[in-house]
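Residues per chain, in single letters:
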Amino acid sequence: MDVYKPRTVVSRYYTVLFSLPKWQVLTAILLAIGVLVVLFMGSRAIPLILNTVFVHLVLYAYSLVNNSTVFYKAKRRIGLALAILVYTAVYTVLTRDPWIPIISSTTMLVVVILGLDGTSRPRYIVAVAPPLLTLLSSWILGYYNYLKLLVGTIVVLTLAFIDMAIYAFMARRKINGYPLPDLGTMFLQNWLDRKTSIEKAFDELGEIQYVYPRIMEFKELLLIYTDVHYGPFSNIGSSRLPIQLSETLKKLGYRYILALHGLGSHDRNIASSRHVELFLDEIVESITSNSRTPIYYHGAFKKTHASWEALTIVFDKLSLVLISRPGKGIDDLPYNLQVEYELKTRERGLGDLVLIDTHNWELEREFEEKDILELKQLLDEVVDTIAEYKKKPPTPIQYKYKCFKSSAPGLVEGECCILCMKGGGRESVCILYMRGNNAKPGLRDMLIEKLRPLGVDYYEVLTNDEHTETGTRARITYIPVHESSQLLGDIEKASFELSREEWIQNAFLYTTRLELKLMGSGIDAIKKQLASSLKESSILLLLYVFATPILLYLAISIL
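The rules we used
- Residues numbered from 1 in each chain as written.
- Predicted model: local features only at pLDDT ≥ 70, side-chain atom pairs only at ≥ 80, totals over all residues.
- Heavy atoms only, no water.
- Pairing = 2+ DSSP bridges.
- Helix = DSSP H or I, 4+ residues; strand = E, 2+ residues; numbered from the N terminus.
- Contact = heavy atoms within 4.5 Å.
- Axes fitted to C-alpha atoms, helices over the stretch in contact; angles between N-to-C directions.
- Buried < 20%, exposed > 50% of the residue type's maximum accessible area, 1.4 Å probe, protein only.
- Expected span 1.5 Å × (residues − 1).
- Arc of directions from axis to C-beta.
- Salt bridge = Lys/Arg side-chain N within 4 Å of Asp/Glu carboxyl O.
- Polar contact = N/O pair within 3.5 Å; in protein donor to acceptor, adjacent residues only side chain to side chain.
- Disulfide = S-S within 2.5 Å.

### A look at the sheet that holds strand 17 (residues 504–505)
The strands that make up a sheet are held in pairs by hydrogen bonds between backbone atoms, and each pair lies either parallel or antiparallel.
Reasoning step 1: Read across the sheet, five strands follow the order 16-15-14-13-17 without closing on themselves; strand pairing throughout is mixed. The outermost strands of the open sheet, each flanked by one partner alone, are strand 16 (458–463) and strand 17.
Reasoning step 2: Alignment of strand 13 (residues 398–405) against strand 14 (residues 415–422), held across eight bridges, turns out to be antiparallel. By the bridge assignment for strand 14, Gln398 is matched with Lys422.
Reasoning step 3: Together, strand 14, strand 15 (429–434) and strand 16 form the strand contacts of helix 14 (residues 443–451), whose direction differs from that of strand 16 by roughly 130°.
Reasoning step 4: Docked against the sheet, helix 15 (residues 485–499) engages strand 13, strand 14 and strand 15, running at close to 150° with respect to strand 13.

Spelled out as structure tokens, the structure:
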């Protein structure tokens, strides 16, 4: 199956950085190239082999005295050593002198070692040690004279100072005192080893804001509107919040936890794990304090306008509006819409309003101003229709659900759940919830067809847009949920089984409010500088690594 690749802001840079085969394949390729070149060069390849060996030995010694390095894994040391072998071999062919590439390998060592472990003076020593040891050994073995040893040493040290200047230039871009190159290093360390040092920077960037979670209890199932975003990536901030909610609330006896994605983007990320713990404590406190109130049902309806659809489920105390955009896609609608329309419903005495971004169709192109205006026109219709539904007397709610495991690319831990609701002869509705970061275009419509055996009036599909697996793979930023024969079959089977089950009564609502540190406008500061910083660093570092041997060759030729 071809994997759909999301169009993200950093995708083209991510591809350049991480589009590598598995390390075993990469090692075999680099080793094969290195062996072929060495056989072709004969004895002239001895300095290159020495340089490769010294890279591995120096990194090994470094990993023994520094347990925080990413080079504690042998495959990373071997990978860098073999990359240096190929680099020096290729440039030896081009410059006809291994001395120049050995010196120039300093650039790659500096960029990789300091880029992954962080910039510090002691690490410059680690980076320049292999080429300096190679020059010394080659002089002892008679490959180079004293002049080449001396000049080579000076050039190696000069290249290290040039990198210091490049770093100082790139570090002029700061976010709350953190140089962007350092934030990049923290990201790479998280990508490689799940280190959470970047959370400290995010925590300091964050802003205290009010958060308004709502929890709907359907027997052993909790439907939770968290009022936060599940990001930014991997195990940072609130990326794992759906998992943490599930782990925490299952201890209270609940079996299924469905974490809904409201409006807002990374500005609604919880800033750090410390504040996630505060959030979880508040949710537990809200449930264990027995502050629940029964909820009743007014009905459900669907409205469409332009490219937008809104399936609204009206309860006596709140209304859930599930927003979709089939054909064009949806992703992280602005949070100010939640604030605006919740205020409108309260002013009209219609109770709470919760807008849900279904994330069921990867965004095909960025939102334009007219798209948001069309959505607001739809939401105005929705609020008016809620007012009409509220005129009906509420009725006891009936519901049933079926949660199950399946398998498909992008489906996190295989978790799916179908929840159906009706009451008093009003419209019936079923929603399919899946854990994942959005869905491949067209999947939503395919899955709705598989839900048809349920025989209700309205269907909708949603993912929670969690970022647990974002920034954890090579080759792709994240994988949205895809179709698979197993997923389609499992949903159809679950729909048939659920259609035969009895309806359950009595559902309850919990509401709470807490102050929490979110990313807020700090994410705007990062986005503002990210694109220009990535372009700048890519150009400078690529030129530094790959133009250096050519420039040295030309300089020596002239002299």
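### Overview of the pairing of strand 6 (residues 256–260)
Reasoning step 1: Across the five residues of strand 6, four count as buried, placing the element largely inside the fold.
Reasoning step 2: Direction of pairing for strand 5 (residues 221–225) relative to strand 6: parallel, over a ladder of five bridges. Looking across to strand 6, one finds that Leu221 is bridged to Tyr256.

### Details of helix 11 (residues 273–288)
Reasoning step 1: Compared with an ideal rise of 1.5 Å per residue, which puts 16 residues at 22 Å, helix 11 spans 22 Å between its outermost C-alpha atoms and is within 8% of the ideal.
Reasoning step 2: Where helix 11 is concerned, the buried positions are His275, Val276, Phe279, Leu280, Ile283, Ser286 and Ile287. Viewed along the axis of helix 11, the buried residues span an arc of 150°, placing them on a single side of the element.
Reasoning step 3: Asn290 sits one or two positions beyond helix 11 and adopts a positive phi of about 60°.

### Section: the sheet that holds strand 7 (residues 293–294)
Reasoning step 1: Pairing is mixed across the open sheet formed by five strands, whose spatial order is 6-5-4-18-7. Where the open sheet ends on each side, the last strands, each with one partner, are strand 6 and strand 7.
Reasoning step 2: Two strands pair when backbone bridges link them, and strand 7 and strand 18 (residues 508–511) are joined in this way by two bridges, in the antiparallel orientation. If you follow Pro294 over to strand 18, its bridge partner there is Phe508.
Reasoning step 3: Helix 10 (residues 241–250) contacts strand 5 and strand 6 of the sheet and is inclined by roughly 150° relative to strand 6.

### Regarding the pattern of salt bridges
Reasoning step 1: Within this structure, the stated rule accounts for 35 salt bridges.
Reasoning step 2: Residue Arg325 is joined to Asp371 by a salt bridge in which the shortest nitrogen-to-oxygen separation is 3.4 Å. You can see Arg325 sitting in the loop between strand 10 (318–324) and helix 12 (336–347) and its partner Asp371 sitting in helix 13 (residues 369–389), a full 46 residues away along the chain.

### A look at the side chain of Glu460
Reasoning step 1: Counting through the fold element by element, Glu460 comes out in strand 16.
Reasoning step 2: Residue Glu460 is classed as buried on the basis of its relative accessible area, which comes to 1%.
Reasoning step 3: Polar contacts involving the side chain of Glu460 include one to the side chain of Asn360, which spans 3.2 Å.

### Structural notes on the state of the cysteines
Reasoning step 1: Under the defined criterion, the tally for this structure stands at two disulfides.
Reasoning step 2: Here Cys403 pairs with Cys417 through a disulfide, and the sulfurs are 1.8 Å apart. One quick way to see it: the torsion about the S-S bond of Cys403 and Cys417 is about -45°, and its sign makes the bridge left-handed. Linking Cys403 in strand 13 with Cys417 in strand 14, this pair joins segments that are 14 residues apart in sequence.
Reasoning step 3: A relative accessible area of 1% means that Cys417 is categorised as buried.
Reasoning step 4: Here Cys420 pairs with Cys430 through a disulfide, and the sulfurs are 2.0 Å apart. Looking along the S-S bond of the Cys420-Cys430 disulfide, the torsion reads about 110°, which is the right-handed sense.

### Thoughts on the environment of Arg292
Reasoning step 1: Residue placement: Arg292 occurs in the loop between helix 11 and strand 7.
Reasoning step 2: Residue classification places Arg292 among the partly exposed residues on the basis of a relative accessible area of 34%.
Reasoning step 3: Arg292 sits 76 residues away from Met216 along the chain, and the two C-alpha atoms are 9.0 Å apart.
Reasoning step 4: Every residue in contact with Arg292, bar those within four places of it in the chain, is listed here: Glu217, Phe508, Leu509 and Tyr510.
Reasoning step 5: Only 2.6 Å separates the side chain of Arg292 from the side chain of Glu217, close enough to count as a polar contact.

Shape is all these values report; function is a separate question.
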